[in-house]
Amino acid sequence: MNILEVTDLGKAFNLHILRDKKIDALKDINFSMKEGEIIGLTGKSGSGKSSLMKCIYRTYLASYGEIIYTSLEGKIDLVKADDHKIIELRKTEITYCSQFLSVIPRVPAVDVVCENLFRIEKNKEEARAKSREMLEQLGLPQELWDAYPSTFSGGEQQRINVARSIIASPRFLLIDEPTASLDARTKDVVIDLILRLKKNGTSVLCISHDEYTLNKLVDRRLELTFGQIGPLEMQPAN
Ligand SMILES: Nc1ncnc2c1ncn2[C@@H]1O[C@H](COP(=O)(O)OP(=O)(O)OP(=O)(O)O)[C@@H](O)[C@H]1O
Ligand SMILES: [Mg+2]
């Protein structure tokens, strides 16, 4: 079964400060993804990887095309679905992990990680125990567990970000550069945690530049070049 079918998808940005110059960030994107598959999304900086992920999560509204997601309740076009449906899917099925943590002020690390788990695990102490276990696996020093992540280093924030996106075992995970600023040992832990999700049926779209991560993690790769899938021979005119 396909969890995702993307058909003729495009996204253009109009830059008003540049006299409405149009940037075609994504053009005629077509691909599908099987349930339980891990796809690695690759391509040079500026090729459109994050834009594609944001169109799927609906942070960006695609300019044209379809993104058919097979939810537990049936197929749904993530381009056309109303905002309530999108919010519901984000709560129950689809999780997005951005490259950087947008920190919630004055919430301790343990609870930042637990946020999605609190929705399904009503016993807050059980949820916190699971969160501490994950922070331990990820090698986050214990003295930071109850501290606020706003002052954490880049790699520490990244671990919080990854932990909070996987702790509730989402059905579909969109994850942007999960291992970019991690040391080799922690990279392996993150790769293992994502592979464990896959074993339980999670489908994963993962942006990565890191060959080591891609080789260990993904079933296949999709390469974006100037907003299109597949390596192009030449840079398009204009
Ligand atoms: N909100 C936006 N407004 C205007 N232009 C945007 C916006 N988001 C992305 N773009 C443009 O779309 C193109 C693709 O950007 P995107 O962030 O998707 O690239 P990327 O492949 O994720 O790059 P990187 O590897 O550096 O993260 C770039 O030219 C970028 O400037
Ligand atoms: Mg990006």
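Owing to the predicted nature of the structure, the values given are computational and were not obtained by experimental measurement. (Residues numbered from 1 in each chain as written. Chains lettered and ligands numbered in written order. Predicted model: local features only at pLDDT ≥ 70, side-chain atom pairs only at ≥ 80, totals over all residues. Heavy atoms only, no water.)

Caption draft 1: Unusual backbone geometry, seen in detail. Here R58, not a glycine, exhibits a phi torsion of approximately 70°, which is positive. Assignment of secondary structure puts R58 in the loop between helix 1 (49-57) and strand 4 (64-71). In this structure, R106 is a non-glycine residue whose phi angle is positive, near 55°. Within the secondary structure, R106 is located in the loop between strand 6 (94-97) and helix 3 (109-120). (Helix = DSSP H or I, 4+ residues; strand = E, 2+ residues; numbered from the N terminus.)

Caption draft 2: Spotlight on the sheet that holds strand 8 (residues 203-207). Strand order in the open sheet made by the six strands is 6-7-8-3-9-10, with mixed pairing throughout. With partners counted over all chains shown, the strands left at the sheet margins are strand 6 and strand 10 (228-229), one partner each. (Pairing = 2+ DSSP bridges.)

Caption draft 3: Quick peek at helix 6 (residues 184-199). Between its first and last C-alpha, helix 6 extends 23 Å over 16 residues, near the 22 Å set by a 1.5 Å rise per residue. Those residues of helix 6 that sit buried are T186, K187, V189, V190, I191, L193, I194 and L197. Tucked into the core, helix 6 has its buried residues touching strand 3 (38-42), helix 4 (124-137), helix 5 (154-166), strand 7 (172-176), strand 8 and helix 7 (211-217). Taking the backbone nitrogen of R185 as reference, a side-chain oxygen 3.1 Å away marks D183 as the first, capping residue of helix 6. Note on helix 6: the residue one or two positions beyond its end, G201, has a positive phi of about 105°. (Expected span 1.5 Å × (residues − 1). Buried < 20%, exposed > 50% of the residue type's maximum accessible area, 1.4 Å probe, protein only. Contact = heavy atoms within 4.5 Å. Polar contact = N/O pair within 3.5 Å; in protein donor to acceptor, adjacent residues only side chain to side chain.)

Caption draft 4: Up close: the site of ligand 1. If you check the shell around ligand 1, you find 13 residues, and the closest are S45, G46, K49, S50 and S51. Contact between ligand 1 and G48: an oxygen atom at 3.0 Å from a main-chain N or O atom of the residue. Contact distances for ligand 1 include 2.8 Å between an oxygen atom and a side-chain N or O atom of K49. When ligand 1 is considered free in solution it has 630 Å² of accessible area, and contact with the protein chains removes 65% of it. Looking at the shell around ligand 1, the elements with two or more residues in it are strand 1 (2-15) and helix 1. No other element matches the three residues that helix 1 contributes to the shell around ligand 1. Here the shell around ligand 1 is composed, by residue class, of four nonpolar, seven polar and two charged. (Near = heavy atom within 4 Å. Areas by Shrake-Rupley, 256 points an atom, 1.4 Å probe, with all protein chains shown as cover. Nonpolar A, V, L, I, M, F, W, Y, C, P; charged D, E, K, R; others polar.)

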